[in-house]
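Now for the letters of each chain:
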Amino acid sequence: MKSYGVVWIACTAALLVAGCAGLGDVAGLGAGAAASTGYVTTSQAESIARSAQDIARSAEDLTPEQEYYIGRSVGAVILDSYDPWDEQEANRYLNLLGQSLALASDRPELFGGYRFQILDTEEINAFATPSGLIFVSRGMLRLTGSEDDVAAILAHEIGHIEHQHGVKAIRTSRLTTAFSSSAMTAVELAGPEEVAALTRTFDDSISDITDTLVSSGYSRGAEREADLAALRILARAGYDQSGLVRVLQAMDEVWAAGGPGFLSTHPDPQDRIDDIRSAIETGSGSAAPAATQSVRQNRYRATLGDV
Amino acid sequence: MERMFRFCINTLAVFVAVVLLGIPALRAGAQEARSVSVRETQLRESPGFLGRVITTLAYGDRGDSMQEQNGWTQARFGDSEGWVHTSALTTKRIVLDASDRDVQEAASSREVALAGRGFNRQVEAQYAAETGLDFQEIDRIEGYALDPEELLAFLQAGGLSLSEGGR
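For clarity, every value in this text was computed on a predicted model and none was experimentally measured.

**Q** Before we move on, could you go through the overall build of chain A and cite the residues and values that matter?
**A** When you go through chain A residue by residue, the secondary structure sums to 16 helices and 3 strands. Taken over 307 residues, chain A has a buried fraction of 53%. When the accessible surface of chain A is split by element, carbon and sulfur atoms take 53% of a total near 12800 Å².

Here it is, written out as structure tokens:
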């Protein structure tokens, strides 16, 4: 008797679970459909529709297409302060390496895809725009000693794009203004006044991002997210995760001296090393065969040896 | 005791019936509309960037997703069925040529996005004119195209993995 009771309870529990799984369908119904099928009353449905209108828009509501245009302008602002380093083979190598890492990320697909470009400056710096343009300075690349080290820098920048840190730096009020603009939603092409108004919001949004990238820096939490994303990407692609620690240690040595760029906008490298040490899988990727290691080292030296 | 047993068997029978009838319903329910949210992507035979390309999909193309696996979505676009990376898709309906009704819907819900609106080429041109910023270098850098064969050779020679990638 007792055991049958257990069976009955198990059956009931299973039915409850099955019932719960079905609830997802209700959540997917439009307010009107939900009302007509009797799941909610008409007034409840109207209230659902009203609250949908009242939802504040956030960076997540930007489409990849809008992120693309924001990112292009952020890139143009960066190239206004820094010259690109037009060493063809070095940039080709950076693009091959970067693309390999992007494919191993959670967000391999962007509206216009990823591109990588070296900046001609001694300053130790790297930037990622929301459109997938990743800049790394010659000064930054000089801190590296291997392909695995360069991979760590690029993977960190891809991590910022994965987490949309760039567009999240835009103040919410600007997005609210943008999303209520008729230039965002009108059927007819926007007139000069609407375009002018939206361009002001666009200008302010670009400033929010470039101020963060160039002056104030992301929060320690955001840097940690990008570092953890980098570790995941490196492990998936087959690179040595400890490349990130090596690069941070090299930065830490320069950190003491202070200076512009990466060092002024990023948390103390030693703090970042402490933040990620527990997340590093022991021995990951470091066991790449000697032949593979030498291929990586040869192509790194051939293209970035004299950076 | 026997009554209790029968009750349990009946409950079990009802449960089995619910599960059996429920499975096709759940499968049908799992088919959800998706739109391509990037300029261009590929529908592939298998879930992975090495999968053979069945067809190229364009921004705003709409299909039905069947299942998701390690960051890849199995979906049907027109007559073609295959796999596309989930990061190239959105649950929003992307409207390329909006009507008044689409606009109203886009303004009141998060389910609809209008292509080419808001921050677009027109706004960028106005911004460039006002700031005097040069976009030629950006265009040049974006124009750089990697040869897929070269990328594959780079991956293989460097002992890099694509099998786990893009999850």
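**Q** Describe the packing of aromatic side chains, naming the residues involved and giving the relevant values.
**A** As enumerated under the stated definition, the model contains 9 aromatic pairs over all chains in all. Considering the side-chain rings of Phe111(A) and Tyr59(B), the 5.0 Å spacing of their centres and the 85 degrees angle between planes classify their relative orientation as edge-to-face. A residue pair is termed interchain when its members come from two chains, as with Phe111(A) in the loop between helix H5 (88-103) and strand S1 (115-119) and Tyr59(B) in the loop between strand S3 (53-58) and strand S4 (62-69). Exposure class is identical for Phe111(A) and Tyr59(B). Each is buried. On the numbers, 5.2 Å between centres and 85 degrees between planes, the contact of Phe202(A) with Tyr127(B) is edge-to-face. Taken together, the positions of Phe202(A) in helix H11 (residues 192-216) and Tyr127(B) in helix H3 (residues 121-131) put the pair across two chains. By the burial criterion, Phe202(A) is buried, and Tyr127(B) matches it. Ring-pair connections join several aromatic residues into one group, and the members of that group are Tyr68(A), Tyr69(A), Phe111(A) and Tyr59(B). Positioned over the ring face of Phe154(B) is Arg299(A), at 3.5 Å from the centre of the ring.

**Q** Pulling in residues and values, what's your account of helix H5 (residues 148-157) of chain B?
**A** Considered for burial, the residues of H5(B) that qualify are Leu151(B), Phe154(B) and Leu155(B). The buried residues of H5(B) occupy an angular sector of 95 degrees when the element is viewed end-on, so they sit on one face. Set apart from the buried face of H5(B) by more than 90 degrees, the exposed residues are Glu149(B) and Gln156(B). The elements touched by buried residues of H5(B) are H5, helix H7 (147-162) and helix H16 (290-304) of chain A.

**Q** Account for the nonpolar core, with residues named and values stated.
**A** Residues and elements named next belong to chain A. If you look at the biggest cluster of nonpolar residues, it comprises 53 residues, and the most contacted ones within it are Leu97, Leu101, Ile134, Leu154, Tyr239 and Leu304. Every residue in contact with leucine 101, bar those within four places of it in the chain, is listed here: Ala151, Leu154, Ala155, Ile158, Ile233, Leu234, Ala237 and Tyr239. Listed in part, the 39 residues of the second largest apolar core include Tyr68, Leu79, Leu133 and Val167.

**Q** Let's hear about the pairing of strand S1 (residues 32-36) of chain B: which residues, and what values?
**A** All names here are of chain B. When S1 meets S4, the two strands line up antiparallel, connected through 4 bridges. Paired with arginine 34 across the two strands is glycine 63, which belongs to S4. Across 2 bridges, S1 lies against strand S7 (residues 89-90) in antiparallel orientation. Note that in S7 the partner of valine 36 across the bridge is leucine 89.

**Q** Would you mind going over the packing of helix H4 (residues 64-81) of chain A against H3(B) in detail, with residue names and values included?
**A** At a minimum axis distance of 10 Å, the contact between H4(A) and H3(B) shows a crossing angle of 20 degrees. Judged by the angle between their axes, H4(A) and H3(B) are roughly parallel. As for the relative orientation of H4(A) and H3(B), their crossing is right-handed in sense. The segment H4(A) lies against H3(B), with Tyr68(A), Tyr69(A), Arg72(A), Ser73(A) and Val77(A) engaging Arg121(B), Glu124(B) and Tyr127(B).

**Q** Tell me what's going on with the sheet that holds S1(A), and back it up with residues and numbers.
**A** All names here are of chain A. Strand order in the open sheet made by the 3 strands is S1-S3-S2, with mixed pairing throughout. With partners counted over all chains shown, the strands left at the sheet margins are S1 and strand S2 (126-128), one partner each. Each strand of the sheet is rotated relative to its neighbour by a mean of 15 degrees, with strand direction disregarded. Both S2 and strand S3 (residues 133-137) contribute to a ladder of 3 bridges, which runs antiparallel. In the strand pairing of S3, alanine 128 is matched with isoleucine 134. Helix-sheet contacts for H5 involve S1 and S3, and the interaxial angle to S1 is about 140 degrees.

**Q** Just give me the short version of the pairing of S1(A), but keep the residues and values in it.
**A** Residue and element names in this part refer to chain A. Burial analysis of S1 places 5 of its 5 residues in the buried class, the great majority of the element. Both faces of S1 are covered, namely the face carrying Arg115, Gln117 and Leu119 and the face carrying Phe116 and Ile118. In the sheet, S1 pairs with S3 via 5 bridges, with the strands oriented parallel. Counterpart to isoleucine 118 in the pairing with S3 is valine 136.

Thresholds applied
- Residues numbered from 1 in each chain as written.
- Chains lettered and ligands numbered in written order.
- Predicted model: local features only at pLDDT ≥ 70, side-chain atom pairs only at ≥ 80, totals over all residues.
- Heavy atoms only, no water.
- Helix = DSSP H or I, 4+ residues; strand = E, 2+ residues; numbered from the N terminus.
- Buried < 20%, exposed > 50% of the residue type's maximum accessible area, 1.4 Å probe, protein only.
- Areas by Shrake-Rupley, 256 points an atom, 1.4 Å probe, with all protein chains shown as cover.
- Phe/Tyr/Trp six-rings, centres within 6.5 Å; stacked < 30°, edge-to-face > 60°.
- Lys NZ or Arg CZ within 6 Å of the ring centre and 35° of its normal.
- Arc of directions from axis to C-beta.
- Contact = heavy atoms within 4.5 Å.
- Core = buried A, V, L, I, M, F, W, Y, C linked by side-chain atoms within 4.5 Å.
- Pairing = 2+ DSSP bridges.
- Axes fitted to C-alpha atoms, helices over the stretch in contact; angles between N-to-C directions.
- Parallel < 35°, antiparallel > 145°, perpendicular 65-115°, else oblique.
- Left-handed = near helix turned anticlockwise from the far one by under 90°.

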